[in-house]
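A look at the structure
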Protein chains: 2
Amino acid sequence: MSTRKFCLAILSSADATGYEIRKTAQMGHFSHFIEASYGSIYPSLAKMEQEGLVTWREETSSGKPSRKIYSITQVGREAFVKELSETALDDLFRSPFLLLALYCRWVGSEFLSNEIDRRVAHLELKISGMKHQLELSSDPAASWTLEYGISTLSASLEYLKTNRSKLEQIADERVPQTQAAE
Amino acid sequence: MSTRKFCLAILSSADATGYEIRKTAQMGHFSHFIEASYGSIYPSLAKMEQEGLVTWREETSSGKPSRKIYSITQVGREAFVKELSETALDDLFRSPFLLLALYCRWVGSEFLSNEIDRRVAHLELKISGMKHQLELSSDPAASWTLEYGISTLSASLEYLKTNRSKLEQIADERVPQTQAAE
DNA sequence: GCTCACATGTAATAAGTTACATGATTTC
DNA sequence: GAAATCATGTAACTTATTACATGTGAGC
């Protein structure tokens with residue numbers, strides 16, 4: 001249901017093709033808290049067309065592959081607002097990294113350090129990307145959401161940088177796998 | 001694969017029943033970044049038993065319903081460590097709330113305010129629950145992870161409290177649904 | 001000539017959710 | 001006597017992931 005909602009969200013601002021919707025999911029200011037791939041977007045759009053939430057027109061420029069440009073209908077807008085207000089609003093957060101942190105003794109500190117390095121780099125990249133988007137943003141709501149993301153990711157990064165050594169020390173007392181069997 | 005990994009994680013520390021594993025998922029120090037329901041735990045355990053990652057014994061006390069107590073095998077331990085180190089470590093974060101924030105003009109500021117109130121209360125409850133767990137925690141790695149969670153959730157809460165009025169102002173300029181159709 | 005970006009889609013599979021089905025024991 | 005907790009599981013359904021399949025045009 002989330003891909004659906006996301007497609008309607010995009011289309012509520014402007015017409016778009018499936019390809020463009022996916023690009024927005026990957027690079028837009030949504031990318032922090034939404035994910036959608038072709039395999040979920042195209043079927044979603046097809047289904048919503050059947051239900052009358054969206055329509056499409058074909059655009060054929062000479063040579064270029066033809067595009068299906070989707071538009072949201074009034075019914076679609078109503079469905080979007082309804083979903084916005086009726087869907088559960090709790091965040092979904094899953095972190096394989098925190099599970100690794102919790103069991104870091106099993107993998108040892110070298111491996112852990114490496115993963116932390118990667119995570120730090122990843123977070124820094126993400127934050128700087130969002131800051132860049134913030135500069136370009138003209139929509140105040142988008143700016144607000146971006147800042148929300150930036151401040152939580154920054155807190156996460158900060159904690160990680162400040163406290164990594166503590167965890168690395170814990171991981172130093174590695175549990176050998178042979179001992180593990182008792 | 002994540003329910004699987006989570007079950008192995010629990011069992012790597014102590015034997016447990018499916019029921020207990022689910023309780024841990026709901027209330028333990030995992031609850032912040034993991035979710036698992038009966039519908040995913042029981043099938044997972046059954047499958048892992050077939051693959052030799054876990055075994056179980058039955059415990060029948062007079063009267064009480066019989067319990068299937070699962071134990072991890074050496075093969076299971078190895079599989080766990082392997083999954084810990086080989087699985088993707090990126091967080092999964094989905095936020096229907098941030099989508100609502102982004103389109104708050106469509107729902108208006110009254111509705112938004114209400115949702116923010118609920119979210120603030122929810123975050124405060126979650127944070128205080130985690131602080132309580134932190135006090136009880138004797139495992140340094142669990143404490144580290146809990147503090148990680150507390151600091152990011154606190155940043156999130158802080159941002160929300162400080163900047164909610166900004167968003168509420170944006171939502172004040174509500175887009176009427178009739179106008180929406182253009 | 002190669003690779004990247006544009007462009008649409010399907011099929012097989014994986015994974016998890018929700019509700020259902022059942023039943024005992026304990027606590028208020 | 002009712003409700004909560006303990007306890008196991010299944011079945012139908014929803015949803016998304018991954019890989020496959022296909023093809024054009026532009027720039028290097």
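As recorded in an unreviewed UniProt entry, chain A goes by Transcriptional regulator PadR-like family protein and comes from Pseudovibrio axinellae.

1. A look at the interface of chain A and chain B
Opposite the 65 residues of chain A that make contact, chain B presents 65 residues. Interface area for chain A against chain B, summed over the two sides, is near 6600 Å², with a carbon-plus-sulfur share of 64%. Inspection of the region where chain A meets chain B yields 8 salt bridges. At the boundary of chain A with chain B, the tally comes to 20 residue pairs in polar contact (both at pLDDT 80 or more). Among the elements of the structure, helix H1 (2-13), helix H4 (74-86), strand S3 (92-94), helix H5 (96-102), helix H6 (109-136), helix H7 (140-172) and helix H8 (177-180) of chain A are those that each provide at least two residues to the side of chain A that touches chain B. Here the element with the most residues in the side of chain A that touches chain B is H7 of chain A; it accounts for 18 residues. Classifying every residue of the side of chain A that touches chain B by side-chain character gives 36 nonpolar, 14 polar and 15 charged. Inspection of the sheet shows S3 of chain A paired to strand S3 (residues 92-94) of chain B by 3 bridges, in the antiparallel sense. Paired with Leu92 of chain A across the strands is Arg94 of chain B, a residue of S3 of chain B.

2. Description of the protein's contact with DNA strand C
Neighbouring DNA strand C are 21 residues, the closest being Tyr19, Tyr42, Arg67 and Lys68 of chain A together with Ser37 of chain B. Within the side chain of Arg67 of chain A, a nitrogen or oxygen atom sits 2.9 Å from a phosphate oxygen of DNA strand C. Here Ser37 of chain B contributes a side-chain N or O atom positioned 3.2 Å from a phosphate oxygen of DNA strand C. Of all elements in the fold, only helix H2 (18-27), helix H3 (38-50) and strand S2 (67-72) of chain A together with helix H1 (2-13) and helix H3 (38-50) of chain B reach the threshold of two or more residues within the surface near DNA strand C.

3. Quick notes on the side chain of Lys5 of chain B
Assignment of secondary structure puts Lys5 of chain B in helix H1. For the buried residue Lys5 of chain B, which engages in no salt bridge, the nearest side chain bearing the opposite charge is Glu83 of chain B, 5.4 Å off. Discounting chain neighbours no more than four positions away, the residues touching Lys5 of chain B are Pro96 and Leu99 of chain A together with Phe80, Glu83 and Thr87 of chain B.

4. Section: the domain arrangement of chain A
All names here are of chain A. Its domain assignment divides chain A into domain 1 (2-86) and domain 2 (96-180). Averaged C-alpha coordinates put domain 1 and domain 2 at centres separated by 32 Å. Between domain 1 and domain 2, a total of about 460 Å² is buried, with carbon and sulfur atoms accounting for 65% of that surface. In terms of surface lost to domain 2, no three residues of domain 1 exceed His29, His32 and Phe33, which account for 85% of the buried area on that side. Counting across the domain 1 and domain 2 interface gives 0 salt bridges. Where domain 1 packs against domain 2, one counts 2 residue pairs in polar contact (both at pLDDT 80 or more). Classifying every residue of the side of domain 1 that touches domain 2 by side-chain character gives 2 nonpolar, 3 polar and no charged.

5. Remarks on the packing of H2 of chain A against H3 of chain A
Residues and elements named next belong to chain A. For the pair H2 and H3, interaxial distance at closest approach is 10 Å and the crossing angle is 135°. What the angle tells us is that H2 and H3 run oblique. The interaxial crossing formed by H2 with H3 has right-handed handedness. Between H2 and H3, the contacting residues are Gly18, Tyr19, Ile21 and Arg22 on the first element and Tyr38, Ile41, Tyr42 and Leu45 on the second. For the contact of H2 with H3, the class distribution of residues is 6 nonpolar, 1 polar and 1 charged.

6. Remarks on helix H7 (residues 109-136) of chain B
The end-to-end C-alpha distance of H7 of chain B, which contains 28 residues, comes to 40 Å, matching closely the 40 Å that a straight helix rising 1.5 Å per residue would cover. Buried residues in H7 of chain B make contact with H7 of chain A together with helix H2 (18-27), helix H5 (96-102), helix H6 (104-107) and helix H8 (140-172) of chain B.

7. Observations regarding the packing of aromatic side chains
Each pair of aromatic rings is reported with the distance of its centres and the angle of its planes. Residue and element names in this part refer to chain A. Inspection of every chain in the model, using the stated rule, returns 16 aromatic pairs over all chains. Aromatic side chains Phe6 and Phe30 sit 5.2 Å apart centroid to centroid with 75° between the ring planes, which places their arrangement in the edge-to-face category. Placement of the pair is Phe6 in helix H1 and Phe30 in the loop between H2 and H3, with a sequence separation of 24 residues. Accessibility assignment for this pair places Phe6 and Phe30 in one class, buried.

8. Here's the deal with the relation of the copies chain A and chain B
Mapping chain A onto chain B leaves a residual RMSD of 0.0 Å; the transformation is a rotation of 180° accompanied by 0.0 Å of translation along its axis. What we have between these two chains is a two-fold relation. The position closest to the rotation axis in chain A is occupied by the C-alpha of Phe93 of chain A, lying 2.4 Å away. The residues that chain A uses at the interface reappear at the interface of chain B in 100% of cases, marking a shared surface.

Thresholds applied
Residues numbered from 1 in each chain as written. Chains lettered and ligands numbered in written order. Predicted model: local features only at pLDDT ≥ 70, side-chain atom pairs only at ≥ 80, totals over all residues. Heavy atoms only, no water. Contact = heavy atoms within 4.5 Å. Buried area = accessible area lost by both parts, 1.4 Å probe. Salt bridge = Lys/Arg side-chain N within 4 Å of Asp/Glu carboxyl O. Polar contact = N/O pair within 3.5 Å; in protein donor to acceptor, adjacent residues only side chain to side chain. Helix = DSSP H or I, 4+ residues; strand = E, 2+ residues; numbered from the N terminus. Nonpolar A, V, L, I, M, F, W, Y, C, P; charged D, E, K, R; others polar. Pairing = 2+ DSSP bridges. Near = heavy atom within 4 Å. Buried < 20%, exposed > 50% of the residue type's maximum accessible area, 1.4 Å probe, protein only. Lys, Arg positive; Asp, Glu negative; His and termini not counted. Domains from an automatic or database assignment. Axes fitted to C-alpha atoms, helices over the stretch in contact; angles between N-to-C directions. Parallel < 35°, antiparallel > 145°, perpendicular 65-115°, else oblique. Left-handed = near helix turned anticlockwise from the far one by under 90°. Expected span 1.5 Å × (residues − 1). Phe/Tyr/Trp six-rings, centres within 6.5 Å; stacked < 30°, edge-to-face > 60°. Least-squares fit on C-alpha atoms with pLDDT ≥ 70 in both.

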